[in-house]
Amino acid sequence: AIVGAGAFAYVIYDDRHPENQLPADPSKKTLVVLGSGWASTSLLKSLDTENYNVVVVSPRNYFLFTPLLPSTPTGTIELRSIMQPIRHILRHKKAAVNFFEAEATEIDHENKILKIRDNSDVTGDVKENSIKYDYLVVGCGAETQTFGIPGVEEFGCFLKEIWDAQKIRTRIMDCVEAALFKDQTPEEKKRLLHTVVVGGGPTGIEFAAELADFLEEDLRRWYPEIKDDYQVTLIEAMTNVLPMFSKKLIQYTEDTFAEQNITIHTKTMVKSVDEKYISVSVTKPDGTSELQKIPYGLLVWAGGNKPRKVVVDIMKKLPAQKNARRGLSVNDYLVVEGCEGIWALGDASQTKYAPTAQVAAQQGAYLGRLFNSMARTHSLEADIAYLQSQLAVTPVDAPARAGLEAELEAVGKALSRTKQMSPFHYSHQGSLAYIGSDKAIADLQLPFMKDLFSSGGAATYLFWRSAYVSNLFSLRNKTLVVFDWVKVKMFGRDVSR
Ligand code: NAD
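Calculation rules
All chains use their own residue numbering, which begins from 1 and follows the written sequence. For this predicted model, a pLDDT threshold of at least 70 governs which residues receive local features, and a threshold of 80 or more governs which side-chain atom pairs are given and counted, while totals over whole chains, interfaces and linings are taken from all residues. Think of the side-chain values as coming from all heavy atoms in the structure, minus any hydrogens and water. Nearness of a residue to a molecule or strand requires only that one of the residue's heavy atoms be within 4 Å of it. Polar contacts, as counted here, are pairs of nitrogen or oxygen atoms within 3.5 Å of one another; within protein the pair requires one atom able to donate a hydrogen and one able to accept it, and residues that are adjacent in sequence qualify only if both atoms are side-chain atoms. Residue burial considers only the protein chains on display, and all accessible areas are found by Shrake-Rupley using a 1.4 Å probe. Put simply, DSSP marks the helices as runs of H or I at least four residues long and the strands as runs of E at least two long, and each gets a number from the N terminus on. Domain start and stop points were drawn from an automatic or database domain assignment. A side-chain nitrogen of Lys or Arg and a carboxyl oxygen of Asp or Glu constitute a salt bridge if their distance falls within 4 Å. Three exposure classes are used, based on accessible area relative to the maximum for each residue type with a 1.4 Å probe and protein chains only: buried under 20%, partly exposed in between, and exposed over 50%. Whenever a pair of cysteine sulfur atoms sits within 2.5 Å, that pair is classed as a disulfide. The axes are straight lines fitted to the C-alpha atoms, using for helices just the contacting stretch, and the angles between their N-to-C directions are given from 0 to 180°. For this classification, under 35 degrees means roughly parallel, over 145 means roughly antiparallel, 65 to 115 means roughly perpendicular, and everything else is oblique. We call a crossing left-handed when the near helix sits turned anticlockwise from the far one by less than a right angle, and right-handed when that turn is clockwise. Contact between two residues is taken to exist if any of their heavy atoms lie within 4.5 Å; hydrogens are not considered. Each residue gets one label: Ala, Val, Leu, Ile, Met, Phe, Trp, Tyr, Cys and Pro are nonpolar, Asp, Glu, Lys and Arg are charged, and the others, such as Gly, are polar.

Some thoughts on the site of the ligand
- As a matter of local geometry, the ligand sits amid 25 residues, with Thr-203, Glu-236, Ala-237, Val-270 and Leu-432 nearest to it.
- At a separation of 3.3 Å, an oxygen atom of the ligand approaches a polar backbone atom of Pro-202.
- Contact between the ligand and Thr-203: an oxygen atom at 2.9 Å from a side-chain N or O atom of the residue.
- For the ligand, the accessible surface in isolation is 840 Å², of which the surrounding protein chains cover 78%.
- For the shell around the ligand, the secondary-structure elements that each account for two or more residues are α7 (202-222) and β14 (268-273).

Some remarks on the domain arrangement of the protein
- Annotation of the protein at the domain level lists domain 1 (2-144 + 306-376), domain 2 (152-303 + 427-491) and domain 3 (377-417).
- Relative placement of domain 2 and domain 3: their C-alpha centres are 63 Å apart.

Section: the pattern of salt bridges
- On inspection of all chains with the given rule, the structure shows 25 salt bridges.
- Among the ionic pairs, Arg-308 bridges to Glu-143, the shortest N-O distance being 4.0 Å. Of this pair, Arg-308 sits in the loop between β18 (305-307) and α9 (309-317) while Glu-143 is found in strand β10 (residues 142-144), placing the two residues 165 residues apart along the sequence.
- Owing to a relative accessible area of 24%, Arg-308 belongs among the partly exposed residues under this scheme.
- Lys-182 is the salt-bridge partner of Asp-183, the closest N and O atoms lying 3.8 Å from each other.
- Residue class for Asp-183 comes out exposed when judged on its relative accessible area of 68%.

Here we look at the state of the cysteines
- Scanning the model with the defined rule gives zero disulfides in all.
- We note that Cys-140 lacks a disulfide partner, and the nearest cysteine sulfur, in Cys-339, lies 14 Å from it.
- By relative accessible area, Cys-140 is classed as buried at 18%.
- Residue Cys-175 stays outside any disulfide, its sulfur separated by 8.8 Å from that of Cys-157, the closest cysteine.

Observations regarding the packing of helix α13 (residues 458-471) against helix α14 (residues 475-491)
- One can describe the packing of α13 onto α14 by two numbers: an axis separation of 9 Å at closest approach and a directional angle of 150°. Taken together, α13 and α14 sit at an angle that is classed as roughly antiparallel. With respect to the hand of their crossing, α13 and α14 are arranged in right-handed fashion. Contact residues: α13 offers Trp-464, Arg-465, Val-469 and Ser-470, while α14 offers Lys-478, Val-481, Val-482 and Trp-485.
- Taken together, the residues of the contact of α13 with α14 break down into five nonpolar, one polar and two charged.

Following this line, the structure appears as structure tokens:
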């Protein structure tokens, strides 16, 4: 058993340091990929990198498994368990890929130049640079939408990136400790212990649920003094939360939240935020609205997405994009409307599909296959040109000529097959969301699965866990996430800052 385990460990260890990689080839067409999220990482996984001179530009040098991000501020899942270094993915490709940790600042589509900037705190002499590309893939995702509401950026915490999760974590514990500071007034204690989550989409719901678990299973035990004062409120502008789920599952979520003492305020829109209060407009049953002020200690803002500046800038430059809102409008092959040589996918694009990780991953895999097919087309076209030149120039005898003609016909057929790449089609597998107290909801497509998990609950929760673990890209991440769940069951969550 020890020898077996040792051999297994060696295979995994060795796999982390691949050596036999072809060098990057700058003489090939340069394909620049922006981003290291769902869309771009899926593309890189399916792309045959030996066909291009591939360059990846992203401000973070890792892929983040965002579906489990709401579990990280409370410590249910450790951040490193859901991060995978991008170099790990790139080092496993057949041909080397260049990676620059930088932000794309400008796309000059006329001259095919991308401007990039190193935003890190530690930089060398060169901080800004540019890359000449032949093909550009815009997969840089989106940023959190605040609708310009005053105070949200300054006082709210987003939940999109690693640093957001760290900020929320610090803030939760700071609020708890400050509430217990010597001679704190009862009103101030209540305010500090009031967490408000804005946005009844899956991000807001899952974070509120995780926080309620943390409160119930850990904080109330370690801080008995706060158990009656800690309060979680979820605010949503629309008439109900989770619009992508059925009425039955929405009701189930609302009931589960009520059991966990999470208050949901629908038809309530945040208007402004200051250091201690959130001003909201509440629509009453008679249609009139009323302004209210809600004291809060922690505000988590999950109000949806908007395109990044670099995407907005190129949208403004292209007349064909005048109706695009959510991201770059693309055709069925993910080519940016009005701009040859640029593709967009994931949250940076606007298609008829919802901007989810599932859509982004499928688009990335599709685009990888499309680029592989383009490379194969070029190579077959070169073969055809060569065979034709052989037939035209060289004096060949009849059998050799027949052989060349047969080869030409076979290559011609292969070329027409390769060129028949069908447009992108999204296959929806379903939606899942964790709603707290070891319960989840699922809206699945396969009929027997749909029936099995139609009402939500503990079985759906086990399905949610297994689906997420199987979707994690690496064995290392799968192992770490499972260990995190076991650790929380055995020892509870850590309550340090
Ligand atoms: P979202 O767009 O789904 O939800 C944001 C919510 O915030 C909306 O319901 C909106 O009405 C509300 N809101 C916005 N401004 C407000 C204001 N001023 N006052 C009150 N409410 C306000 O955002 P999300 O949850 O971050 O999700 C983004 C995308 O990612 C969606 O497409 C979602 O489906 C997907 N996603 C899916 C999962 C999952 O399937 N488990 C998890 C996370 C995200």
